[in-house]
Amino acid sequence: MGAFLERAHVAGSVAVLVFLLLLLEGVVVRRILHLAAFLRKVWESRDFTLRVETQGKDEVTLLGGAVNTLLEEVVARSRSLEESEARFRRLFEGVPVGVYQARLGGEVLQANPRMLEIVECQTLEELQELGLAFFRQDAILTLSSFEELLKRDRAIRGVVTTWRTKTGTLRFLRENARLVRDDVYEGTLEDVTEEILARESVRKSEMYYRILLEYSSDAVLVLERDGRVRFATSSVENVTGYAPEELQGTLALSFLHPEDARQVQHFFLRGEEGEVRRVEFRLKHRSGEWRVMEAIGRVLLAHPLIQGIVVTVRDVTERKRAEEAVRLASFRDVLTGLYNRAYFEEELTRLNTTRVLPLSLIVGDVNGLKIVNDAFGHAEGDRLLQMVAEAFRASCRKEDVVARWGGDEFAVILPKADATVASEICARIQERLKGETSMLPAGVALGWATRGDLSQSLEDVVREAEERMYQAKLAGRERFYEGVLKSFETFLEGLLGKHHLEEMEKLALRFARRLWLSESQKEQLVLLARFHEIGVIPLARRGEWPGLDQETFLRRHTESGYFIASNIPRLAPLSEAILAHHEWWNGEGVPRGLRGEEIPLLSRIIALCTAFLEQPFAQAVAHIRRESGRVFDPLLAREFLTMVQEHPSENGARCI
């Protein structure tokens, strides 16, 4: 009986325990389901600020606490991410350079405000609609070539390219780019237009003054404190007969006449710092002849860059002789035989009386004398002046006073001549010049005025005549320069052949179209193709060509062409390209040794066209391919050869 009761007690205890376990399991399950429902709510609402209720210290409670801790970390990390994103956005939008992201092919994905400002777009959508291909205008580094380099190198740094804004303005931009995925790249753009233009302006200025100094008719010397020659320009040989290297280190006073040396020493070697002095002296030329020199010197011993005495010397022997001849010949102009200005002004004063009224004045200015001098020499310029002087002399009356008023100016006093007479004489002068022949169109701008009574001053009459002359000069300016260009074209056709020039134009224009140059660049290139050898004309007229060696010829005719073009409005923008069309890509060309993209684009194109037309087709192609990267721009050379080999019959080269 006892054993039975014991077994009954054990069975009852087990039953109670099972009941308690079942009850506990139900509570735990409900709490776990509650926690799962909470997590589902957080997931669906994305609200990570919610927290699960926790009580006690059992495992479910600890699990809930861990969930809360995890949610707090999510909130903290989310806030940190938002702050980082805000900082990045501020940086992206406030950086002073353009930043963009694009797909290969030019599709813009992102761009900051500075990028929009650079290309002059109002919105990102506007930029995306146009695409990068619209803005990139670099003739060499096009969008496709840029992206090819990027795919090859993965990154491009510090390259300067040409871009066009939405309004058509061309800008120089410094680019950096990197490939972030196979088809996406990021880049930055810095506007360096002002920097490039400023640097180019300084370079042009330096080049201009260097050429001006080296090829000036005046010699420039720098002397030490003791009078020894430290430096002399090449023109010193034309002035003194001595080469610059012969004068190096010699005492300048040793070449002077003993009677003049003391004065020169006092003026220059003992002058005050910064003081400018002018003096004339006799110098023994290398030929043994004593020549009269005029020197202007400035003491710059304290100047940190110079530390010497700068002296400009010119030979005035002929001028002195001419002055003496003029003095002996009274008031006659030696070149034209007309009266000179001194006589003209004396006569004007003498005729300040009523007995010669009405008194008319004519003033005239010869067109293009400087161009004639530069292109054909001063002898031809003198012939032009003599021709104009004869037209004045033959068109005026015996009682009229005809004078050469200045270098290229003439003036006439017409006693007892009203406005009608003055106008008729002007017409006769112009008509007479039409029949004259010269290297360039012979013409003169004329103005006249009439004095009816003494109440009108002679100064006012002269001023009125000059104003009319200037008006006439402006009115006929374009027609005159068109005539000048036509004359130069005729000379070049005679020297180089009309067919050659036509083929140059065709070839250059084809290449310009292939490079997608602007219409303005095409027009400039065609003009350059016809006139790039304009500097050969003066060499040929003076009989110096083809006797010069190759380097001297190239240097002389490019520099001569530069100065001629600078004086003709239509060619002036091409003067730099004319000067540089014999420069080499590697910097070994003439006259300045420019390298790579320092050489103007149009010069690089003309160099290729010239080289191609000078030889038979196969030889020309081989020559350009061989000299690519040394003489010729390698990218242009490759594109040029591709063009001429696509249609050999259209390129103008000789076929054998």
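Our structure's up above, just so we're on the same page.
Residues numbered from 1 in each chain as written. Predicted model: local features only at pLDDT ≥ 70, side-chain atom pairs only at ≥ 80, totals over all residues. Heavy atoms only, no water.

Participant: Can you lay out the packing of aromatic side chains for me, pointing to particular residues and giving the numbers?
Facilitator: On inspection of all chains with the given rule, the structure shows 13 aromatic pairs. Ring geometry for tyrosine 100 versus tyrosine 185: centroids 6.1 Å apart, planes at 85 degrees, classification edge-to-face. Residue tyrosine 100 is found in strand 1 (residues 98-103), and its partner tyrosine 185 is found in strand 5 (residues 184-191); the two are separated by 85 residues along the sequence. Across the pair, exposure class does not vary: tyrosine 100 and tyrosine 185 are buried alike. Arranged with centres 4.0 Å apart and planes meeting at 15 degrees, the rings of tyrosine 339 and tyrosine 343 form a pair that is stacked. Judged by its relative accessible area of 23%, tyrosine 339 falls in the partly exposed class. Within the aromatic cluster, the residues linked to one another by ring pairs are Phe511, Phe612, Phe617 and Phe640. The ring of tyrosine 339 has arginine 332 lying over it, and the distance from NZ or CZ to the ring centre is 4.0 Å. (Phe/Tyr/Trp six-rings, centres within 6.5 Å; stacked < 30°, edge-to-face > 60°. Helix = DSSP H or I, 4+ residues; strand = E, 2+ residues; numbered from the N terminus. Buried < 20%, exposed > 50% of the residue type's maximum accessible area, 1.4 Å probe, protein only. Lys NZ or Arg CZ within 6 Å of the ring centre and 35° of its normal.)

Participant: Kindly report on the sheet that holds strand 3 (residues 155-164), identifying the contributing residues and their values.
Facilitator: The five strands are arranged 2-1-5-4-3 in an open sheet whose pairing can be described as antiparallel. Every interior strand has two partners, whereas the edge strands, strand 2 (108-111) and strand 3, have only one. Strand-to-strand, the axes of this sheet are offset by a mean angle of 30 degrees, without reference to chain direction. Here strand 1 pairs with strand 5 via six bridges, running antiparallel. Residue pairing for strand 5: tyrosine 100 is matched across the bridge by glycine 187. (Pairing = 2+ DSSP bridges. Axes fitted to C-alpha atoms, helices over the stretch in contact; angles between N-to-C directions.)

Participant: Can you lay out the environment of valine 236 for me, pointing to particular residues and giving the numbers?
Facilitator: Relative to the assigned elements, valine 236 resides in helix 8 (residues 236-240). Judged by relative accessible area, which is 1%, valine 236 ranks as buried. Along the sequence, valine 236 and valine 220 sit 16 residues apart, while their C-alpha atoms lie 7.1 Å from each other.

Participant: Describe in detail the sheet that holds strand 9 (residues 290-300), supporting the description with residues and values.
Facilitator: Judged by pairing direction, the sheet is antiparallel, and its five strands sit side by side in the order 7-6-10-9-8 without closing on themselves. If you trace the sheet from one side to the other, it starts and ends with strand 7 (229-232) and strand 8 (276-284), each paired once. Taken over all neighbouring pairs, the strand axes of this sheet differ in orientation by 30 degrees on average, direction set aside. Relative to strand 10 (residues 308-315), strand 6 (residues 219-223) runs antiparallel, the two sharing five bridges. Note that in strand 10 the partner of valine 220 across the bridge is threonine 312.

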